[in-house]
Amino acid sequence: MLVAFPPHIPVGVTVQAGIFGLCLHLLFQYLGDDNLQSMIVGTVMRKIKSRTWKKQRYFKLQEDCMTIWYKSKKAGNAHSTFSVSDVETVREGHQSEVLLSIADEFPPDRCFTLVFRGRRGNLDLVADSADEAQSWIKGMRKLIENLENMGESEKLDQWICEWFKKADKNNDGRMNFREIRVLLKMMNVDMNEHHAHQLFMVKTADKSQTGTLEDDEFVLFYKMLTQREDVLRVFQDFSGDGQKLSLRDLEEFLRDEQLEEVDGVQQLAMELIERYEPSDTAKMLKAMSIDGFLMYLASAEGSIFHPRQQSLYQDMTQPLNHYFISSSHNTYLMEDQLRGHSSVEGYIRALKRGCRCVEVDCWDGPNGEPIVYHGHTFTSKILFKDVVNALRNYAFKVSEYPVILSTENHCGVEQQRVMAQHLNTILGDKLLKSTLDGKIPVSFPSPEVRQAPGTVASLVRSTLQFPRCGSIKFIQFNSRSFPQKSKQRLSKELSDCVVYCKSVHFSSFKHSRVHSKFYEISSFTESKARKHLREAGAEFVHHNTRQLTRVYPSGLRTDSSNFNPQEMWNTGTQIVALNFQTAGVEMDLNDGLFSQNGRCGYILKPDFMRMSERRFDPEVPHNREGYRPLSLCIQVISGQQLPKVNIKESSVVDPFVRVEIHGVPLDQAKQETRYIDNNGFNPVWYDTLRFTIHAPELALVRFVVEDYDKASRNDFVGQYTLPFSCIQQGYRHIHLLSKDGTSIPPASLFVHVRITNLV
């Protein structure tokens, strides 16, 4: 089912043709497209899971043009569906491991892959002909593009149509009271029968006197459900006449509540009216209605995340060791560390999440080809050359900045030469083979590696590599190798791929301070890094002003769980490697930190972690130059259309909100609102939570919604994590994310935020 903003129906909206008119309107948009018509008729295709699992399925685009329905001919009435909005992209040809495995059986022009958002597995399909495959490839791409470009009124039409269809159980085009009660449960609100009956019979004015809601009556009913009393209260507080916000009213709101810059507030007010006000009359009066006000608050500009800091805003010309770098551990694994599936999908998904440091464990493979897997375990194996191909194809879809390929080399000399050959042949001039200016370097290059177009850099722990788009560099930094059959440890060909960095054993901070070179990097397990932090936190931070450090999960984490990355960022550690395949608070923090700066995967460390003359101890953040603690006050006002967490139709969540501060030990804190009984649709709290932040430059704020359960563990509903430094003050919406870190519109929180100086 499609869910999209805004669920609120503007006062000026009228639906002339009723619900069926809305659905038909959406269908008629596509009737002129031959590909979509073919999809609506339906197609028999093979669903491929492996070389031996190939089953025929009947696929069909439903009339809402948003749902794909499919079933097996042999499965009776059993069928499955998925929403077009769940599909991220369509890959054409043999662009998955599954389809590559049957490449000798089916030509690429009949094959394609639907890639889903989040951690859901891909759907690999083979059509009976190239023409049928093209119909689905082009049709799906058009539907995805139309979704992305859909206007607000079309989103609204789709939204209403979807709810009506889900609630109209007998498909008679009208809803009786029983169906309305089911609808309320589906929408996550448990309303008492008397109130529901009042809403149904009185407030919606059953003009047809049939005991059912038809067409525009349902629209009115839906509008009653989605009214926002919380937003209306704010609107009326600033409205001079209670009916609209004049230009002056809106300026006052933006200046006094949203704390926008005073100098540009009049221009901003005029732009917001032009951008979000649906009424032409209000625009002529230079005023904003309640509908425009809500649309502004629900937009990116009304979000808690400051739009300026979502784009690339940091200085990218400093040495690599001055940045936190989004980093993955054992990137090839999709599951656990002992028997999990290895796949190039691990690299593709990590890179598409903005990861800039991926890991490869290389071992001698059959037929002279190096393989990648977790050595001495039962994880499956993939070819090294397929990993390098994936890097070439996906390294710069999200970020143009260097990707670090950390390769743990266990190959003998012969297959090391093959590794070097693949790096050179596949990456070509993207592979950095010498220092940027041809001279002996005295410091790391910056992420702005702007030499030959499309260059890549590599690091061997074996090898670390940095690619970037337009100017991509793979820079290898690690020169260790682990061959078993040869006295020669590293082949010259692979050694030639190592530039700038050298992996070294770490003795002590004192030894490093006296003897280390800028290009030397040390890797620590989480437990060893934690020990250094405990015993010499300030020394650890000081070390990382000069050197690159990598921290990775303990070998005991066979389930691919993660450690808390915040502890390591507190030391200034640049490469904090996590298991990207495992959802949880640790990956929420990683996604939150790297959600700023254009999601480029590089975040400039605070100045007190970059300058060797500055001393910072994360245990005593107040003992530093420029110490300015801040007070954070968050009023959690309300929630909107929170997702159900229990598949039972009668289940409704009892939501509460927890706000967590992640940062230096003194800042670690969490507070909760009370829970609301049986209402996930529009719960209201007005609960205020207060925090003191001692190191705001390092702090992350995580909003978590859970379903309260007094008898068992609370269920996760949604979360949103962002850097403290990126928070917009005032009345803001927080658009919640799933456990996988993907969007779950229209689920949101409405809050008021105020940050003040303590000293």
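The numbers attached to residues start from 1 for each chain and follow its sequence in the written order. It should be noted that, the model being predicted, local features are given only for residues of pLDDT at least 70 and side-chain atom pairs only at 80 or more, the latter also being counted only at that level, while totals for whole chains, interfaces and linings use all residues. With hydrogens and water stripped out, all remaining heavy atoms of the structure feed into the side-chain values.

As annotated in an unreviewed UniProt entry, the chain is Phosphoinositide phospholipase C from Salmo trutta. UniProt positions are given in the numbering used here, feature names are shortened, and annotations may be inferred rather than shown by experiment. Heading Cofactor (unreviewed entry) of the UniProt record for the chain holds this comment: "Ca(2+)".

S.K.: So what about the overall build of the chain? Which residues, and what values?
M.R.: Secondary structure counts use DSSP, requiring at least four H or I residues in a row for a helix and at least two E residues in a row for a strand, with both numbered from the N terminus. Tallying secondary structure elements over the chain gives 22 helices and 31 strands in all. Put simply, the chain has 759 residues, and 57% of those count as buried. A contact between two residues is defined here by any heavy atoms of the two lying within 4.5 Å. Intrachain contacts of the chain at a sequence separation of at least 6 include 66% that bridge at least 24 residues. A total accessible area of about 31800 Å² is found for the chain, and carbon and sulfur atoms account for 49% of it. Burial classes follow relative accessibility: with a 1.4 Å probe on protein chains only, a residue under 20% of its type's maximum area counts as buried, one over 50% as exposed, and anything between as partly exposed. For the area figures, the Shrake-Rupley method with a 1.4 Å probe applies, and any residue is considered shielded solely by the protein chains shown.

S.K.: I'd love a proper account of the pattern of salt bridges, names of residues and values included.
M.R.: A pair is scored as a salt bridge if a Lys or Arg side-chain nitrogen falls within 4 Å of a carboxyl oxygen belonging to Asp or Glu. For the coordinates displayed, the defined rule picks out 37 salt bridges. Note that R91 and E345 form a salt bridge whose closest N and O atoms lie 2.5 Å from each other. Of the two residues, R91 sits in strand β5 (residues 87–92) while E345 sits in helix α15 (residues 344–352), which places them 254 residues apart along the sequence. Per residue, the accessibility class of R91 equals that of E345, and both read buried.

S.K.: Can you lay out the state of the cysteines for me, pointing to particular residues and giving the numbers?
M.R.: Pairs of cysteine sulfur atoms within 2.5 Å are what we label disulfides. Under the definition given, this model contains zero disulfides. For C355, which is in no disulfide, the shortest distance to another cysteine sulfur is to C357 and amounts to 6.5 Å. By relative accessible area, C355 is classed as buried at 0%. Note on C411: no disulfide assigned, nearest cysteine sulfur contributed by C362 at a separation of 5.3 Å. By relative accessible area, which is 0% here, C411 ends up buried.

S.K.: Requested: an account of helix α13 (residues 290–297), with residues and values cited.
M.R.: The element α13 is extensively covered by neighbouring structure, given that seven of its eight residues are classed as buried. The complete set of buried residues in α13 reads D291, G292, F293, L294, M295, Y296 and L297.

S.K.: How would you explain the pairing of strand β2 (residues 54–61) if you had to name every residue and give the values?
M.R.: Looking down a regular strand, the side chains alternate between one sheet face and the other. Pairing of strand β1 (residues 43–48) with β2, which is carried by six bridges, proceeds in the antiparallel orientation. Across the sheet, the residue bridging to T43 is F59, located in β2. The pairing criterion is simple: DSSP has to find at least two bridges between the two strands. If you look at the hairpin formed by β1 and β2, you'll find five residues sitting between the two strands. Counted along the chain from β2 to the antiparallel partner strand β3 (residues 67–71), the turn is five residues long, and its residue C65 has a positive phi close to 60°.

S.K.: Could you give me a rundown of the pairing of strand β13 (residues 357–363), with the residues and numbers involved?
M.R.: Of all seven residues making up β13, seven are buried, and the element is well covered by its neighbours. The side-chain alternation of β13 yields two buried faces, one formed by C357, E359, D361 and W363 and the other by V358, V360 and C362. Where β13 lies against strand β16 (residues 404–409), six bridges are found, and the strand directions are parallel. What sits directly across from V358, in β16, is L405. Direction of pairing for β13 relative to strand β14 (residues 371–372): antiparallel, over a ladder of two bridges. Within β14, the residue paired with W363 across the bridge is I371.

S.K.: Account for the side chain of S595, with residues named and values stated.
M.R.: The residue S595 is located in the loop between α22 (585–593) and β23 (602–604) in this model. Setting aside anything within four residues of it in sequence, one finds S595 in contact with F305, T721 and P723.

S.K.: Please set out the confidence of the model for the chain residue by residue, giving values where relevant.
M.R.: If pLDDT is low for a region, its predicted coordinates should not be looked at in detail. As a per-residue measure, pLDDT reflects the predictor's confidence and takes values from 0 up to 100. With 87% of its residues at a pLDDT of 70 or more, the chain has an overall mean of 86. Confidence drops under pLDDT 50 across residues 1–17; counting only partners more than four residues distant or on other chains, this segment forms 53 contacts. Per-residue pLDDT stays below 50 along residues 459–473; that stretch engages in 135 contacts with residues further than four places along the chain or on separate chains.

S.K.: Give me the lowdown on the nonpolar core, citing residues and values where you can.
M.R.: Within the largest apolar cluster, 60 residues are counted, with the highest numbers of intra-cluster contacts made by V372 and L423. Elements represented by at least two residues in this core include exactly α15, β13, α16 (384–394), α17 (413–427), α20 (526–546), α21 (565–569), β22 (575–578) and α22. Ranked by the residues each element gives to this core, the list is headed by α16, at six residues. Residue assignment places this core across two domains, with domain 4 (320–467 + 488–609) and domain 5 (627–757) each supplying three or more. Ignoring any residue separated from it by four or fewer positions in sequence, one finds V372 in contact with Y332, S342, Y347, V360, D361, C362, S380, K381, I382, F384 and V387. One finds F691, I693, Y720 and C726 within the second-largest nonpolar core, a separate group that totals 33 residues. What is meant by a nonpolar core is a set of buried Ala, Val, Leu, Ile, Met, Phe, Trp, Tyr and Cys residues, joined one to another through side-chain atoms within 4.5 Å. An automatic or database domain assignment provides the domain bounds reported here.

S.K.: Requested: an account of the packing of helix α9 (residues 229–238) against α13, with residues and values cited.
M.R.: Where helices are involved, their axes are fitted lines through C-alpha atoms of the stretch in contact, as for all axes, and angles between N-to-C directions lie from 0 to 180°. Two elements in contact, α9 and α13, have axes whose closest approach is 10 Å; the angle formed by their N-to-C orientations is 110°. Overall, the two elements α9 and α13 adopt an arrangement that is roughly perpendicular. Crossing of α9 against α13: the hand is right-handed. Taken together, the residues of α13 that come into contact with α9 (itself represented by V231, L232, V234 and F235) are I290, F293, L294 and L297. Only Asp, Glu, Lys and Arg are considered charged in this grouping, and only Ala, Val, Leu, Ile, Met, Phe, Trp, Tyr, Cys and Pro are considered nonpolar; every other residue, Gly among them, is considered polar. Of the residues in the contact of α9 with α13, the class split is eight nonpolar, no polar and no charged. Oblique is the label for any angle not covered by the other classes, which are roughly parallel (under 35 degrees), roughly antiparallel (over 145) and roughly perpendicular (65 to 115). Take the far helix as the reference: if the near one is turned anticlockwise from it by less than a right angle, the crossing is left-handed, and if turned clockwise, right-handed.

S.K.: An account of the sheet that holds β1 is needed here, citing residue identities and associated values.
M.R.: The sheet built from seven strands is open, its strands ordered β4-β3-β2-β1-β7-β6-β5 with antiparallel pairing. The sheet is open, and its two edges are formed by β4 (79–83) and β5, each paired on a single side. Shown here is a sheet whose adjacent strand axes are inclined to one another by a mean of 35°, direction ignored. Relative to β4, β3 runs antiparallel, the two being bridged by five bridges. Across the sheet, I68 pairs through a bridge with F82, a residue of β4.

S.K.: Describe the environment of H662, listing the residues and the values that go with them.
M.R.: When you line up the elements, H662 lands in strand β25 (residues 655–662). In the structure, H662 is positioned 95 residues away from E567 in sequence and 9.1 Å away in space, judged by C-alpha atoms. Those residues within four positions of H662 in sequence are excluded, and the remaining contacts are Q566, V585, L589, Q668, L698, A699, L700 and R702. In terms of polar contacts, H662 uses its side chain to reach the side chain of E660, at 2.9 Å. What qualifies as a polar contact is a pair of N or O atoms within 3.5 Å, subject to a donor-acceptor requirement within protein and to the restriction that residues adjacent in sequence count only when both atoms come from side chains.

S.K.: Could you give an account of α17, naming the residues involved and the relevant values?
M.R.: To estimate the expected span of a helix, subtract one from its residue number and multiply by 1.5 Å. The end-to-end C-alpha separation of α17 is 21 Å, in line with the 21 Å expected for 15 residues at 1.5 Å each. A positive backbone phi angle near 55° is found at G428, which sits one or two residues after α17.

S.K.: Give a detailed account of the packing of aromatic side chains, specifying residues and quantitative values.
M.R.: Centres within 6.5 Å make a pair out of two Phe, Tyr or Trp rings, where for Trp the six-membered ring is used; the pair is then stacked when the planes are under 30 degrees apart, edge-to-face when over 60, and tilted otherwise. The final tally for this structure, using the stated rule, is 24 aromatic pairs. Seen from their ring centres, F253 and Y731 are 6.3 Å apart, and the 20° between their planes marks the pair as stacked. In this pair, F253 sits in helix α10 (residues 247–256) while Y731 sits in strand β30 (residues 730–737), placing the two residues 478 residues apart along the sequence. Take F253 and Y731: they sit in the same class, and that class is buried. Between F444 and F518, the aromatic rings sit 5.3 Å apart at their centres with planes inclined by 85°, giving edge-to-face as the arrangement. Of this pair, F444 sits in the loop between α17 and β17 (458–460) while F518 sits in the loop between α19 (509–515) and β20 (520–525), and the two are 74 residues apart along the sequence. Positioned above the aromatic ring of F750, the side-chain terminus of R228 is 5.4 Å from the ring centre. Geometrically, a lysine NZ or arginine CZ counts as sitting over a ring once it is within 6 Å of the ring centre and also within 35 degrees of the ring normal. A cation over a ring is seen here: K381 above Y373, with NZ or CZ 4.4 Å from the ring centre.

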